[in-house]
Amino acid sequence: MTKLDENLFYVGVKHPSLEYFDVIVPTDMGTTYNSYLLRGEKTVLFETVHNDFSEEFIRNIEEICPLSEIDIIVCDHTEPDHSGSLGAVLSKAPNATVYGSAPALKNLKNILNSDFPSVVAKNGLEVDAGGFTLRFLSAPNLHWPDSVFTYVPELKTVFTCDFLGCHYCGELSDGDIEDREKYLAELDRYYKYIFSPFAAAVKKGVEIIRGIAPERVCSSHGPVLCAHIDDVIARYDEKASAAPDPDLASVFYVSCYGYTALMAKALAEGMRDGGKTVQVFDISNTDKATLAQAVSSSSFLAFGSPTLNRDALPPVYEVLSMVSAVADRGKPALIFGSYGWSGEACANLSERAKGLGLKVDEELMKVCFRPADEDLKALREKGRAFVS
Ligand SMILES: Cc1cc2nc3c(=O)[nH]c(=O)nc-3n(C[C@H](O)[C@H](O)[C@H](O)COP(=O)(O)O)c2cc1C
Ligand SMILES: [Fe+2]
Ligand SMILES: [Fe+2]
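The next subject is the overall build of the protein chain. When you go through the protein chain residue by residue, the secondary structure sums to twelve helices and 22 strands. The principal-axis extents of the C-alpha atoms in the protein chain amount to approximately 80 × 40 × 35 Å. Residues counted as buried form 44% of the 388 residues belonging to the protein chain. For the protein chain, the share of sequence-separated contacts (at least 6 apart) that also reach a separation of at least 24 residues comes to 72%.

Okay, here's the thing in structure tokens:
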């Protein structure tokens, strides 16, 4: 337990050994599940923590007061890393009412599988928490439909749950961080994995935070922000403003004997003739971060694989898994590949790409074994038409 202000306490827990969050997000610096207790004439708990840390969490709160004194529990977002221990808390907090958005309360009913006293935290609702005001500000899709910010004007403090957070288990306050470069690298990675599919919602979130101009941001992962709030907000703003380049096309392929590679080259030439900047990636020789960046920054995508044992090769599916079904939706995609006799790769990749919401060109560019001169000519023409 740590005091952040006369009446505001940090009661969160640390998870330094976490290697991956939500299965896929690398967390080299571990993470924290932050929670805060406000003690005025009423007692308010902001967020809870991951279920695995319920006992430690309850001990942290009990260092300050018995849970029976909690009047209000604010759930700004209900992903189980913040709601997992709510059931354990509620079992010891019979006087608590849960505040959350309508979708948040619906989620919580399905997470707890039981009923509990609750109030819908509508946008603009103000609640008197005994000398402190809770002002709820709707901020949907940051990063679930349920998300809300809660502003306490008397403390100039906003509680944002995941927004502006960071998987960084270290110093409590951003002003004390020693290795700021490392922190910012984690902050950028967190943004990419959690918030990059929601650029429009991020812009609105940035506007809300700028509008209230808080002096303290209590997110639910990583350090509390006091010293560098404007800097973090500017980073979010910049990233959310970076739209895909309308003139950039990326061609991704793998190839065992070089035949699909020849197809990739011809397609790229045609796209260049069509006036685009074209990047060609042999997936086997390219690191994942570069591939992911190419997917998100390009407006035209092409995927090529030979057919091996009646399917496309896994590295191409891996690049397709980097396509965001939210942010990359509707981007034109072209599928190509060399085959020997049955040639299933293109149709299978096409199905996967369609499932992700890409606008897949109906003409699958298939060539039996080595592309002949006329095949290469047709591919150049196709590349040009694809981007025109
Ligand atoms: C292990 C192996 C399995 C293959 N299985 C299939 C197959 O199921 N169907 C097919 O049409 N071609 C199959 N092929 C043939 C390749 O698709 C063909 O050689 C193609 O031209 C390779 O293109 P690349 O040089 O771009 O790798 C197979 C080739 C290998 C080496
Ligand atoms: Fe979340
Ligand atoms: Fe989270």
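Now, onward.
Among the nonpolar cores identified, the biggest contains 68 residues, and Tyr36, Leu38, Val44, Ile73, Val74 and Phe159 are the most heavily contacted of them. Sorting elements by how many residues they give to this core places helix α5 (residues 180–195) first, with six residues. In this structure Tyr36 touches Leu8, Phe9, Tyr10, Val11, Phe46, Phe159 and Cys218, once residues within four positions along its chain are discounted. Counting residues in each nonpolar core, the second largest holds 43 residues, with Tyr259, Phe336, Tyr339 and Val367 among its members.

Annotation of the protein chain at the domain level lists domain 1 (2–241) and domain 2 (245–387). Here the C-alpha centroids of domain 1 and domain 2 sit 41 Å apart.

Time to look at the site of ligand 1. In the region of ligand 1, 18 residues are neighbours, and Cys256, Tyr257, Thr260, Pro306 and Gly340 sit closest. Only α8 (259–273) and β20 (332–339) provide two or more residues apiece to the shell around ligand 1. When the residues that make up the shell around ligand 1 are grouped by side-chain class, the tally is eight nonpolar, nine polar and one charged.

Turning our eyes to something else, we now look at the sheet that holds strand β11 (residues 118–120). Strand-to-strand pairing in sheets goes through backbone hydrogen bonds, with the strands running parallel or antiparallel. Read across the sheet, seven strands follow the order β1-β2-β7-β8-β9-β10-β11 without closing on themselves; strand pairing throughout is mixed. Taken across any chain shown, the strands that pair with only one partner, and hence form the sheet edges, are β1 (2–3) and β11. Summarising the sheet, strand β2 (residues 8–10) and strand β7 (residues 36–39) pair through three bridges and their orientation is antiparallel. Counted as the bridge partner of Phe9 is Leu37 from β7. Taken strand by strand, helix α4 (residues 102–112) contacts β10 (97–100) and β11, and its axis lies near 130° from that of β10.

Take Val89: it is sitting in helix α3 (residues 86–92). Separated by 115 residues in the primary sequence, Val89 and Lys204 have C-alpha atoms spaced 32 Å apart. If we skip the residues at most four places from it in the chain, Val89 touches Thr48, Ile58, Leu67 and Ile73.

This next bit is on α8. Taking 1.5 Å per residue as the helical rise, α8 with its 15 residues ought to reach 21 Å, and the 22 Å between its terminal C-alpha atoms agrees with that figure. Taken as a whole, α8 has its buried residues at Tyr259, Thr260, Met263, Ala264, Ala266, Leu267, Ala268, Gly270 and Met271. Lining the buried residues of α8 we find β17 (245–253), β18 (277–282), β19 (298–304), β20, β22 (365–368) and α12 (373–387).

Before going further, it helps to spend a moment on unusual backbone geometry. Between Leu142 and His143 the backbone carries a cis peptide bond, its omega angle lying at 5°. Mapped onto the elements, His143 comes out in the loop between β13 (133–138) and β14 (148–152). With phi around 45°, Ala213 is a residue other than glycine that occupies positive phi space. Among the structural elements, Ala213 can be located in the loop between α6 (199–212) and β16 (216–219).

Before going further, it helps to examine the sheet that holds β13. Read across the sheet, five strands follow the order β12-β13-β14-β15-β16 without closing on themselves; strand pairing throughout is mixed. Whereas interior strands pair on both sides, the edge strands pair on one side only; in this sheet they are β12 (126–128) and β16. Across the sheet, the axes of successive neighbouring strands diverge by a mean angle of 25°, strand direction being ignored.

Moving on: the pairing of β20. Most of β20 sits out of view: seven of its eight residues are buried. Across four bridges, the pairing between β19 and β20 is parallel. In the sheet register, Leu301 faces β20, and the bridge partner there is Ala333. Where β20 lies against strand β21 (residues 359–360), two bridges are found, and the strand directions are parallel.

Conventions used here
Residues numbered from 1 in each chain as written. Chains lettered and ligands numbered in written order. Predicted model: local features only at pLDDT ≥ 70, side-chain atom pairs only at ≥ 80, totals over all residues. Helix = DSSP H or I, 4+ residues; strand = E, 2+ residues; numbered from the N terminus. Buried ≥ 20, exposed ≤ 12 C-beta atoms within 10 Å, placed from the backbone. Contact = placed C-beta atoms within 7 Å. Core = buried A, V, L, I, M, F, W, Y, C linked by C-beta atoms within 7 Å. Domains from an automatic or database assignment. Near = placed C-beta within 6 Å. Nonpolar A, V, L, I, M, F, W, Y, C, P; charged D, E, K, R; others polar. Pairing = 2+ DSSP bridges. Axes fitted to C-alpha atoms, helices over the stretch in contact; angles between N-to-C directions. Expected span 1.5 Å × (residues − 1).

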